[in-house]
Amino acid sequence: MVGPTADSTADSTVDSLTRVLFGEDFDREHAPWRRLAAAAPFRRRPGASSGDRLAMAYERLRTVNDTLDSPAELVADARGLAALHEWLGPVDPAFTTVAGIHYNLFLGSLLDHAESERGAARGTARDVAGSADVADFFALRRVGTFLCTEVAHGNDAVAVETTAAYDRERDGFVLCTPHAGAQKFMPNTSPVGGPKSGVVAARLLVDGTDHGVFLFLTPLTDAVGALPGVRVRRLPARLGSPVDHCLTSFDRVFVGRDALLGGAQGRIGDDGVFRSEQSNRRRRFLTSIGRVTAGKLSMSACAVGSARVTLALAVRYGGHRRISGSRGGERVPVFAHRSHHGPLVGALATVFAMTLLHRTALDAWESRTEADTDEAERLVAVTKGWISWRAREVIVESRERCGAQALLENNGMTELLAGIEGVITAEGDNLAIYAKAAAEMLFSAVPEPEPEPGPAPGPGPEAGPGPAPGDGSYGPPHRELTDPLFLDGLLVAVEAVWLERARRRMSQVPHGDSLARWNAASGAALRAVEAYAYRRASEAYAEAMAGLEPGPAPSSGASPSPGPAPSPGSPSARDLLRSLRRLFALQWIDRNSGDLLAAGRLAPRHLDELPEAVEQLISRLAGHAPALVESFALPEEMFADWPISGAGYVDAYDDAEGAWHAVLAVPAAPA
């Protein structure tokens, strides 16, 4: 399902929505990963133990690697890495964990730093970290891993205490773990999956001087176990998919001078002298771990893909599961009830927003310039936090709507429910990400709370007539919730309200106690970051709509029972997207209506109209839920692994020896 497949209005609408979600370059960017998600190696294997599933994750890594024309091209392609996570993450979170570490954090660090150090062409098999040969890593004869955080240092990884002391006599570095808190925490460093090497974040010491944290390419294990001086111990099983997370420490492990992944942030010359173009040690560290930003994009993609899968399962199951109706003998889909489909329709609006915001963040990162790199990094980071938190909400809601069935592993949701917790923590804990963005936004320009008023909205399904600007009556009491410009202004206003509140609280604390000032402002500042994400997601909706042709007016309502949408009078993709965007915005505005009312941004009547507007949109969209989840383009082979996705889900529990299969004996007639 890539391009138009039929002439019917319904099929055309689904195809258009698919292009909105995945872009016009679906064939190159997404289709290869979609095909793999549907392929036999990625099918569920019932009864597999945790050890079997871990081994399978590495088997799948090799399967994927064999399909690549060039692993180096994937490493250099942020979109490709994100798409891998988006399609294969919902199938096997353990696989995407080891794949993301190998391709992005490990190989990406090697190739990026080699390019920075020598201007080497990305993707060469040699000239990475000096004489190190990456051919073994490209061919997966050795698996790569990433050792940064420590038992005592997570979000403050700049303070890691593993040391790499320069040994002048041997012209290399000696890696040491000084105490228990400096053990590397959670890298996948066991021998499972094959021999491994890692890039190790360690504090570079030259003649006793600490030059900050750098990465060092270090062999860790062979086919049997850890190499001399390297100690690897498995951590207890984690929540979710099995990954070989370990504690790893070093006892005077020697690596050559070319093991230092240097560049502008620092290098040791042939004369044994350390030189750096960056004086700030924190900046040196951030340059060294620059691949974490691409990792955030991949984590966001994994969350988006998982939310889409669970939501599609919930909508499908809601149409298959029949319950007693209001009339005797009547059976209706559980999805027919507003109490059931209402939260799922709201989740659809959120999942579309998540997907579109992720595309926006990808675009911003790929098109960044030196002048706007900081803003692009902030958008990528906030997007990861916002998307993964929203994904958790969607997955939990979808699980609940499927009842006890969704608590069973074979129906696919429990693994994703646990997996999203890992995404929330990986590549920077969400709260730490938000806190950093909040601190930056506190000292940035406040967003303009009112967009420049344009002509009054004209009549139409999404806008009503309004007074002309400039006549003294174009204030909030006269604005309508059908006016997209009004809603845009409210989204900006929510962000401005919380930023102003944060700044006011900070100003009330005397200078000199930075922690007290931050504590006073942080609660409101974090809310401003959330509002920033909602605003950017709504803007992504608007940009997507702008690329679609206007269609016929949306139908006033549709049956909330999932099924094929009728072609006559069916809304266009643009109409559905507009309704989804408006529902998304109104639900957020409703949550902040008290603050908006106090700020004069809403009139009292709007508070009564908000829930009514939301109800109307849910009613309008409910009958189109099947088409909306169909636009996710999920392959049927994936759904086949999860019984509740099909109308015959009861068959998964059938018992061939059950009494209902027995043929009743017919008594013999008397002689």
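Residues numbered from 1 in each chain as written. Predicted model: local features only at pLDDT ≥ 70, side-chain atom pairs only at ≥ 80, totals over all residues. Heavy atoms only, no water.

S.K.: A description of the pairing of strand S5 (residues 196–206) should follow, citing residues and the corresponding values.
M.R.: For S5, a buried count of 10 out of 11 residues is recorded, marking the element as mostly surrounded by other parts of the structure. Note that strand S1 (residues 143–147) and S5 share five bridges and pair parallel. Looking at S5, one finds that Thr 145 is bridged to Gly 198. Inspection of the sheet shows strand S2 (residues 163–167) paired to S5 by three bridges, in the parallel sense. What sits directly across from Ala 164, in S5, is Leu 204. In sequence, S5 turns back onto strand S6 (residues 209–221) through a hairpin of two residues, with Asp 207 there showing a positive phi of about 55°. (Buried < 20%, exposed > 50% of the residue type's maximum accessible area, 1.4 Å probe, protein only. Helix = DSSP H or I, 4+ residues; strand = E, 2+ residues; numbered from the N terminus. Pairing = 2+ DSSP bridges.)

S.K.: For the nonpolar core, give the residues involved together with the corresponding values.
M.R.: Among the nonpolar cores identified, the biggest contains 166 residues, and Trp 33, Tyr 103 and Trp 386 are the most heavily contacted of them. Ranked by the residues each element gives to this core, the list is headed by helix H10 (residues 291–320), at 15 residues. In this structure Tyr 103 touches Leu 61, Val 64, Asn 65, Leu 68, Pro 71, Leu 74, Val 75, Leu 81 and Gly 108, once residues within four positions along its chain are discounted. If you look at the next biggest cluster of nonpolar residues, it comprises 20 residues, including Ala 202, Leu 204, Leu 220 and Ala 259. (Core = buried A, V, L, I, M, F, W, Y, C linked by side-chain atoms within 4.5 Å. Contact = heavy atoms within 4.5 Å.)

S.K.: Mind laying out the environment of Arg 231, listing which residues take part and the relevant values?
M.R.: Within the element layout of this structure, Arg 231 appears in strand S7 (residues 230–234). Exposure remark for Arg 231: the relative accessible area of 52% places this residue in the exposed category. C-alpha of Arg 231 to C-alpha of Ser 249: the two residues are 18 residues apart in sequence and 5.2 Å apart in space. Once residues lying within four places of it in the same chain are set aside, the contact partners of Arg 231 are Leu 247, Thr 248 and Ser 249.

S.K.: Describe unusual backbone geometry, listing the residues and the values that go with them.
M.R.: With a phi close to 55°, Arg 252 is a non-glycine residue in the positive phi region. Structurally, Arg 252 can be placed in strand S8 (residues 246–256). Of note in the backbone geometry, Ala 633 takes a positive phi value of approximately 60° without being a glycine.

S.K.: Account for the side chain of Arg 359, naming residues and giving values.
M.R.: Within the fold, Arg 359 resides in helix H11 (residues 338–366). The contacts of Arg 359, once residues within four sequence positions are left out, are Leu 21, Phe 22, His 30 and Glu 86.

S.K.: Provide a residue-level description of the confidence of the model for the protein chain, including the pertinent values.
M.R.: With 87% of its residues at a pLDDT of 70 or more, the protein chain has an overall mean of 88. Overall, residues 451–474 carries pLDDT values under 50, and its contacts beyond four positions in sequence, including any with other chains, amount to 40 contacts. A low-confidence stretch, residues 553–558 stays under pLDDT 50, and its non-local contacts, those more than four residues away or across chains, total 13 contacts. (pLDDT = per-residue confidence, 0-100.)

S.K.: Account for the packing of aromatic side chains, naming residues and giving values.
M.R.: Ring pairs (aromatic) are described by centroid distance and by the angle formed between their planes. Overall, the coordinates contain 17 aromatic pairs when judged by the stated rule. Ring centres of Phe 214 and Phe 274 lie 5.8 Å apart, and the angle between their planes is 80°; on these two criteria the pair is classed as edge-to-face. Placement of Phe 214 in strand S6 and of Phe 274 in strand S10 (residues 274–275) is noted, with a sequence separation of 60 residues between them. In this structure, Phe 214 and Phe 274 share a single accessibility class: buried. Through a chain of ring-to-ring contacts, the aromatic side chains of Trp 386, Tyr 534, Tyr 541, Phe 584 and Trp 588 assemble into a single cluster. Over the face of the ring belonging to Trp 365 we find Arg 368, whose NZ or CZ atom lies 3.6 Å from the ring centre. (Phe/Tyr/Trp six-rings, centres within 6.5 Å; stacked < 30°, edge-to-face > 60°. Lys NZ or Arg CZ within 6 Å of the ring centre and 35° of its normal.)

S.K.: So what about helix H13 (residues 413–425)? Which residues, and what values?
M.R.: The terminal C-alpha atoms of H13 lie 19 Å apart, and with 13 residues this matches the ideal 18 Å at 1.5 Å per residue to within 8%. Inspection of H13 places Met 413, Leu 416, Ala 418, Gly 419, Ile 420, Val 423 and Ile 424 among the buried residues, and these make up the whole buried set. Backbone geometry just downstream of H13 places Glu 427 in the positive-phi region, at approximately 55°. (Expected span 1.5 Å × (residues − 1).)

S.K.: Which residues make up the environment of Ala 599, and what are the values?
M.R.: Checked against the element boundaries, Ala 599 lands in the loop between helix H18 (593–598) and helix H19 (604–622). In this structure, the C-alpha to C-alpha distance between Ala 599 and Ala 493, residues 106 residues apart in sequence, is 8.7 Å.

S.K.: Just give me the short version of a negative patch on the surface, but keep the residues and values in it.
M.R.: Taken together, the side chains of Asp 651, Asp 654, Asp 655 and Glu 657 make up a negatively charged region of the molecular surface. Assignment of secondary structure puts Asp 655 in the segment after helix H21 (636–639). (Patch = residues over 30% accessible without salt bridge, like charges linked within 9 Å, V, L, I, M, F, W, Y side chains within 5 Å. Areas by Shrake-Rupley, 256 points an atom, 1.4 Å probe, with all protein chains shown as cover. Salt bridge = Lys/Arg side-chain N within 4 Å of Asp/Glu carboxyl O. Lys, Arg positive; Asp, Glu negative; His and termini not counted. Charge placed at Lys NZ, Arg CZ, Asp CG, Glu CD.)

S.K.: How would you explain H19 if you had to name every residue and give the values?
M.R.: The end-to-end C-alpha distance of H19, which contains 19 residues, comes to 29 Å, matching closely the 27 Å that a straight helix rising 1.5 Å per residue would cover. Along H19, the sharpest kink reaches roughly 30°, centred on Leu 610 and followed within four residues by the proline Pro 611. Buried residues of H19: His 606, Leu 610, Ala 613, Val 614, Leu 617, Ile 618, Arg 620, Leu 621 and Ala 622, and no others. Each element contacted by the buried residues of H19 is listed here: H11, helix H15 (484–507), helix H17 (573–591), H18 and helix H20 (625–630). (Bend = angle between axes of the 7 residues up to and from the residue.)

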